[in-house]
Structures are given as C-alpha cells and as structure tokens.
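A look at the structure
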Amino acid sequence: MFSKIASWLVNSLFTGGKIRWKTVAAFFLVFVGPFALLAVFSYINIYKNLTGYTLARRTSVAYLAATTLEGRLNQLKEVGVTVSKRGSLPILMEQKKWGEAVKSLGNVIQEFPFVKEILLADPTGKPMAALGGSINAMGETILVHPQPYISEIYQSVVAVSIPVQKMGGGGTVGVLVLQVGIDTLIDWVREMEVGQMGFVYFIDKKGNAIVNPNYAPEAKVADYSKLPIIQKLLQKNRGVELLYQPTTQEERLAAFEPVRGHDWGVMVQEPSTTAFAERNASLRAIMIVYVLIFGFTILVLSFILRALVEHKKAEEMREQLIHVITHELRSPVATVKAAISNMKDGIVGPMNPKQMEMLNIANRNIDRLTKIISDLLDIGRFESGKAEMHLQNVPLKPLVKEVTENVKLEMQNRQIVLKNGSMPDGLSVYGDPDMILQLLNNLMDNAVRFARSEVVVDVRPLGNAVQVDVKDDGPGIPKARMGELFNKFVQVNRPTGGSQYKGTGLGLAICKQILKLQGGKIWVHSEEGKGTTFHFTLPAAGQVR
C-alpha cells in the first residue's frame, strides 16, 4: 500500500522529469492545511475559554466585594436600630425633650468610633438636637423613611437614618441619624482583596465613588455618575467591560455588581495587561507549541519531498541506463545468436559432441538474455505509456492453444500434465491480441516452472468480463511475499525451488501493466505446499472501456 501511494505521489509531483510546483504547493496545502485550520480553531476556542475564565473571575471578585459591602452597610443599620432603642431615648423623644434625649446617647460615639455625629429630628424631619456637631449639619430637614436607611455620600459622611418608634409601638416619635465618616468606608475599601493591581470603588446611589487613596491619592470621593458603566450599575445591572483610563492612559477590565438591599454598587478594576496576563502567557505557550509542530511538519514534508525527488531522479537514471543497455545489447546479442546458429549448422565446419553441447548451453543463455532485454523494453514501454495497442475482439481459445503449444516440450521434459478446465467455445475478449498472448505466455511459463505435476487453465464468462485462471500445484508463495509479487525485479524463490526457478523478476509486473492498459485486473491466491492460482479478467468482446 505504501509503495502504491509513494508511486502515485511521485507521478503526481513530476512530469517529464520536472517538478510540478503547483502540485507541490497543493501537496503541502493538503497535508498542512487541515492542521493549520485545526490549530486556528483550537486557538480561537482556547482564547474564548481563557477570556471567559478571566471575565468570570473578575465578576466573582466584584460579587464578593458587593456581598462584603452589603454586610457592612447592614451592620451600620443594625447599630442604628440598637441605638434607637437604647434606654429612655424613645420616651424622651416622644416627650420632645430633645436635649435630654441626645445627652442619653453620650457614650455612643465612644462606643462606635466610626460615628462622627448624632442628630435627632422630629417626625417631620426637622433637626432638633445634635451630638458631636452642629444641628444644622444636614440642613433644615432630613429625609424621613419608614425603614432604616443609608444615604448617599455628602460632606465626607454617610448618614444612617433610623425611625424611632414609640415605646410599645403605635407610631414614630422622630428620627435618629448617625453620621459615619468617609474614612470608615475607605478603610473598608483597603481591606478588600481584589488582586495586587486591582482597584475597588464603592458607588453610592448618586454615582459618587469612594476611591482607595492608595491608588488615587488625589481624591477620596469622585463623581462618576456620567460614566455609562456607572449608569448601568445605578440601574442595578451587573457585568464586565473594558474601559480606557485617560489619566493613566491604560486599558482596564472593570466588573460591576449592585449591592443587594441598597441602592449602592461596587466596581472592581484591574489593568487589562495584568488581568489577562495568565491568559496571554498560556496563549503564548500554546502558540509556541503550534509553531514547533507546524515547523516540524513542514520539515518532515520537506524531507519526504526531497526523498521523492531523489527517488524520482534515481528511477529515471535507472530507466535511462536500462534503456541504453538494452538497446545497445540487442544488436551484439543478435549477432552472437546468428553466429552460434551458423556454427551449429556446420557452416564453419563440423562440431564434435562436446562442442555441440557447449553451443547449446551458449544458445540457451543467449535466449535467456534476449528474454531479459525484451522484458526490460516491454516494461519501459508500458510504464511510459508509449505502448501501441490494437484493440479488437479476440477469441481466447486459439490463444490458449498457442500458448500451451509453446510450453509443451518443457512440460513433457518435466512430466507435467496440462489440464484444461472450463473453456466455452466462442468466448472472446476485447483487447490487443499480441499483449494478451504475452500475458498468457508469462503466466503459463511461470506455472510450468513451479508446477510439480500439473497445470490447469480455466476460462469462464464473468458478467461483462471474462476471467482466466492459471493454476499450478507447486510449493506456493510465502504470505510475507504476496504484497510485493507484482513489483518489478521481484523473484519469489519457493521453498523447493532450484536454479530452474530463476527468472527476470519482470514477468508479473508486465502482466499487471498489460491488464491495466486494457481495463483488466490481476490477483493471486496461494497456499504454501498446495500451489498457486493467478486470476485475471479482461472486458468481454464488445465491451468498450
């Protein structure tokens, strides 16, 4: 199989001794193209997967930061609710004793250092008393909410507003406001782990961002409300995007996540160079592997092509040498043949028995040499496509009879019996009669040389073809040699063979070429110790190829 593929490839790549560069390019494209496409699709798929992994990781970091901030804001509310129920605060506020009420909270600022100022307001939101600051710190009124509420950032503080209920329920007696300094939120930002080069921002309900001063020392709070990504966050959307930071002139990967239960959000940023560093390193390693594999493939194909070129050149040189030798030998061989014939006929004088025996030996070897030369010329003619064919309807029976007559003497000398199998009268094939005769001669000669006691020739119709079987009862062919049987210069020395088994090694190769030219095929069945049968088919008469 490999030899057939190699032969087909050589014939495809070379024409008239020249390389067909377009075919060579197609050869590389056929072998390298699928690998290149597979590499591209694989690279794209890996790129998508690694990018998705990076984005998912950033999204997870943003979610964790939002969850952490949710817990901290809830803690502020819980502190406010606890303070609103402390001691006599609800009773004093209901009695409108605002001064005494605020004094009752005197130790809250010491107990909770993040509380910078405490403010009390009546049920309408009018400030009535303050601790740790001015009563006018929040303006003329504050917003009144039925539930604990955390405001946006203003004047570097965040207000925690808690409605104070009457003792035993039954309505609101006022509002408790705890003002938390912005430094507390900045400390929260600093405590969050978002990667070595990560940035985390707390975004309040108006789009103000609390910035880690370690990364942005010029500001602690910045108004980002105009940014499209912040507008998405304020609409309680989540996602991840690439942003360009003009101040640092770098691209950043930003993930944003709303904080549940609050109108706040979190945005986590990281320079894209570091965010995608792991992905890019993996892609570079994969690309290096692909380039190495691709280069190795090109190198191997180049070696194969070079080997084919050298093989083709060697084949052409061998064929040219055989052609020159055979043509140069034909004339002297014919001269020697004629001289031996004249000597046997007594033209140069009478020959004694010893001389005649030597002449007969020389004559047989001259015949063998002539056969070798003829086979070499035939195989060269067939393979080059220069063989002339005269296709016609050819009766098989006369040809088989002529062939058997040719080997009759040899069969008698070796006591081999010829048995004719099925051979219907009038059975004809469509082909060249001379080539068919040569085909039968080669197979019959081969069968007679290897047979022990008999040779069988069987001819029968087979659909639109005619099948011929030539069988001998010789020692058979080793299974290991069956695959190379029809190659040139192959000789199979069967186990019991001797000198009489030696041939040119071209007979079966010529048979294969003859059948190939005429639309037929040939195959063999053999069993060691039981004989060999060669089968071939030719188009039946009237079947045009």
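For the structure itself, consult the block above.
Focus: the overall build of the chain
Scanning the chain from N- to C-terminus turns up 14 helices and 20 strands. Expressed as a percentage of its 545 residues, the buried residues of the chain come to 41%. For the chain, the proportion of contacts with a sequence separation of at least 24, taken over those separated by at least 6, is 61%. When the accessible surface of the chain is summed, it comes to about 29800 Å², and 58% of that surface belongs to carbon and sulfur atoms.

Details of the sheet that holds strand 4 (residues 127–131)
Pairing between sheet strands relies on hydrogen bonds along the backbone, with the strands arranged either parallel or antiparallel. With antiparallel pairing, the 5 strands of this open sheet are ordered in space as 4-3-7-6-5. Every interior strand has two partners, whereas the edge strands, strand 4 and strand 5 (149–154), have only one. Neighbour-to-neighbour, the strand axes of the sheet open up by a mean angle of 25°, direction not taken into account. Sheet strands touched by helix 6 (residues 182–191): strand 5, strand 6 (157–165) and strand 7 (172–181). Its angle to strand 7, the strand with the most contacts, is close to 60°.

Details of the nonpolar core
Counting 47 residues, the largest nonpolar core has Leu120, Phe202 and Trp264 as its most contacted members. Ranked by the residues each element gives to this core, the list is headed by helix 2 (residues 21–84), at 9 residues. By size, the runner-up hydrophobic cluster in this structure holds 43 residues, among which are Val400, Val403, Val455 and Val466.

Concerning the packing of helix 11 (residues 396–406) against helix 13 (residues 433–450)
Where helix 11 meets helix 13, the closest approach of the two axes is 10 Å, and the angle between their N-to-C directions is 45°. Between helix 11 and helix 13, the angle is such that the two are oblique. Judged by the sense of rotation from one axis to the other, the crossing of helix 11 with helix 13 is right-handed. Of the residues in helix 13, those touching helix 11 at Leu396, Leu399, Val400, Glu402, Val403, Thr404 and Asn406 are Pro433, Ile436, Leu437, Leu440, Asn441 and Met444. In terms of residue class, the contact of helix 11 with helix 13 is made up of 9 nonpolar, 3 polar and 1 charged.

Some remarks on the side chain of glutamate 270
Within the fold, glutamate 270 resides in strand 13 (residues 265–271). A polar contact is formed between the side chain of glutamate 270 and the side chain of arginine 58, at a distance of 3.1 Å. Other than its neighbours up to four places away in sequence, glutamate 270 contacts Arg58, Met197, Gly198, Phe199, Glu251, Arg252, Leu253 and Ala275.

Thoughts on the pairing of strand 3 (residues 115–121)
Burial within strand 3 is extensive, with 6 of its 7 residues counted as buried. Note that strand 3 and strand 7 share 6 bridges and pair antiparallel. Paired with leucine 120 across the strands is leucine 176, a residue of strand 7. Bridge analysis of strand 3 against strand 4 gives 4 bridges, and the strand direction is antiparallel. The partner of leucine 120 across the bridge, within strand 4, is alanine 129. Connecting strand 3 to the antiparallel partner strand 4 that follows it, the hairpin turn spans 5 residues, and glycine 125 within it adopts a positive phi of roughly 95°.

As for the packing of helix 13 against helix 14 (residues 507–517)
As a packed pair, helix 13 and helix 14 sit with axes 9 Å apart at the nearest point and diverge in direction by 150°. Judged by the angle between their axes, helix 13 and helix 14 are roughly antiparallel. As for how helix 13 packs across helix 14, the hand of that crossing is left-handed. Side by side, helix 13 and helix 14 meet where Met435, Gln438, Leu439, Asn442 and Leu443 of the first sit next to Gly507, Leu508, Ile510, Cys511, Ile514, Leu515 and Leu517 of the second.

Digging into the sheet that holds strand 20 (residues 531–539)
Spatial strand order, 15-17-18-20-19: 5 strands in an open sheet with mixed pairing. Each edge of the open sheet carries a strand with a single partner, namely strand 15 (417–420) and strand 19 (521–527). On average, adjacent strands in this sheet sit at an angle of 15° to one another, irrespective of strand direction. Two strands pair when backbone bridges link them, and strand 17 (residues 454–462) and strand 18 (residues 465–472) are joined in this way by 8 bridges, in the antiparallel orientation. Looking at strand 18, one finds that arginine 460 is bridged to glutamine 467. Along the sheet, helix 13 makes contact with strand 17, strand 18, strand 19 and strand 20, crossing strand 20 at roughly 170°.

Considerations on the environment of leucine 227
Relative to the assigned elements, leucine 227 resides in the loop between strand 10 (221–223) and helix 7 (228–234). Measuring from C-alpha to C-alpha, the distance between leucine 227 and glycine 207 comes to 8.8 Å, with 20 residues separating the pair along the chain.

A closer look at helix 11
Looking only at helix 11, the buried set comprises Leu396, Leu399, Val400, Val403 and Thr404. Relative to the axis of helix 11, the buried residues are bounded by an arc of 135° and lie together on one face.

Describing a nonpolar patch on the surface
Together, Leu37, Val40, Phe41 and Ile44 make up a nonpolar patch on the protein surface, roughly 400 Å² of accessible area in all. Within the fold, phenylalanine 41 resides in helix 2.

A word on the pattern of salt bridges
On inspection of all chains with the given rule, the structure shows 18 salt bridges. With its nearest N and O atoms 3.6 Å apart, the salt bridge here joins glutamate 152 to lysine 206. Of the two residues, glutamate 152 sits in strand 5 while lysine 206 sits in the loop between strand 8 (199–203) and strand 9 (208–211), which places them 54 residues apart along the sequence. Under the relative-accessibility criterion, glutamate 152 is labelled buried at 16%. Classification of lysine 206 by relative accessible area gives exposed; the value is 51%. Connected through salt bridges with shared partners, the residues Asp458, Arg460 and Asp469 form a single ionic network.

Considerations on the packing of aromatic side chains
Applying the stated criterion across every chain yields a total of 3 aromatic pairs. Residues tyrosine 201 and tyrosine 224 carry aromatic rings whose centres are separated by 5.8 Å and whose planes lie at 65° to one another, so their mutual orientation is edge-to-face. Taken together, the residues tyrosine 201 in strand 8 and tyrosine 224 in the loop between strand 10 and helix 7 connect sequence positions 23 residues apart. For tyrosine 224, a relative accessible area of 21% translates into the label partly exposed. Above the face of the phenylalanine 199 ring, arginine 252 is positioned so that its terminal group lies 4.0 Å from the ring centre. Lying over the aromatic face of tryptophan 523, lysine 521 brings its terminal NZ or CZ to 5.4 Å of the ring centre.

Some thoughts on unusual backbone geometry
In this model, lysine 96 sits at a positive phi of 65°, which is unusual for a non-glycine residue. Topologically, lysine 96 is positioned in the loop between helix 3 (89–94) and helix 4 (98–103). Assessed through its relative accessible area of 57%, lysine 96 is described here as exposed. Unlike most non-glycine residues, serine 156 shows phi in positive territory, near 65°. With relative accessibility at 46%, the residue serine 156 sits in the partly exposed group.

Conventions and cut-offs
- Residues numbered from 1 in each chain as written.
- Predicted model: local features only at pLDDT ≥ 70, side-chain atom pairs only at ≥ 80, totals over all residues.
- Heavy atoms only, no water.
- Helix = DSSP H or I, 4+ residues; strand = E, 2+ residues; numbered from the N terminus.
- Buried < 20%, exposed > 50% of the residue type's maximum accessible area, 1.4 Å probe, protein only.
- Contact = heavy atoms within 4.5 Å.
- Areas by Shrake-Rupley, 256 points an atom, 1.4 Å probe, with all protein chains shown as cover.
- Pairing = 2+ DSSP bridges.
- Axes fitted to C-alpha atoms, helices over the stretch in contact; angles between N-to-C directions.
- Core = buried A, V, L, I, M, F, W, Y, C linked by side-chain atoms within 4.5 Å.
- Parallel < 35°, antiparallel > 145°, perpendicular 65-115°, else oblique.
- Left-handed = near helix turned anticlockwise from the far one by under 90°.
- Nonpolar A, V, L, I, M, F, W, Y, C, P; charged D, E, K, R; others polar.
- Polar contact = N/O pair within 3.5 Å; in protein donor to acceptor, adjacent residues only side chain to side chain.
- Arc of directions from axis to C-beta.
- Patch = residues over 30% accessible without salt bridge, like charges linked within 9 Å, V, L, I, M, F, W, Y side chains within 5 Å.
- Salt bridge = Lys/Arg side-chain N within 4 Å of Asp/Glu carboxyl O.
- Phe/Tyr/Trp six-rings, centres within 6.5 Å; stacked < 30°, edge-to-face > 60°.
- Lys NZ or Arg CZ within 6 Å of the ring centre and 35° of its normal.

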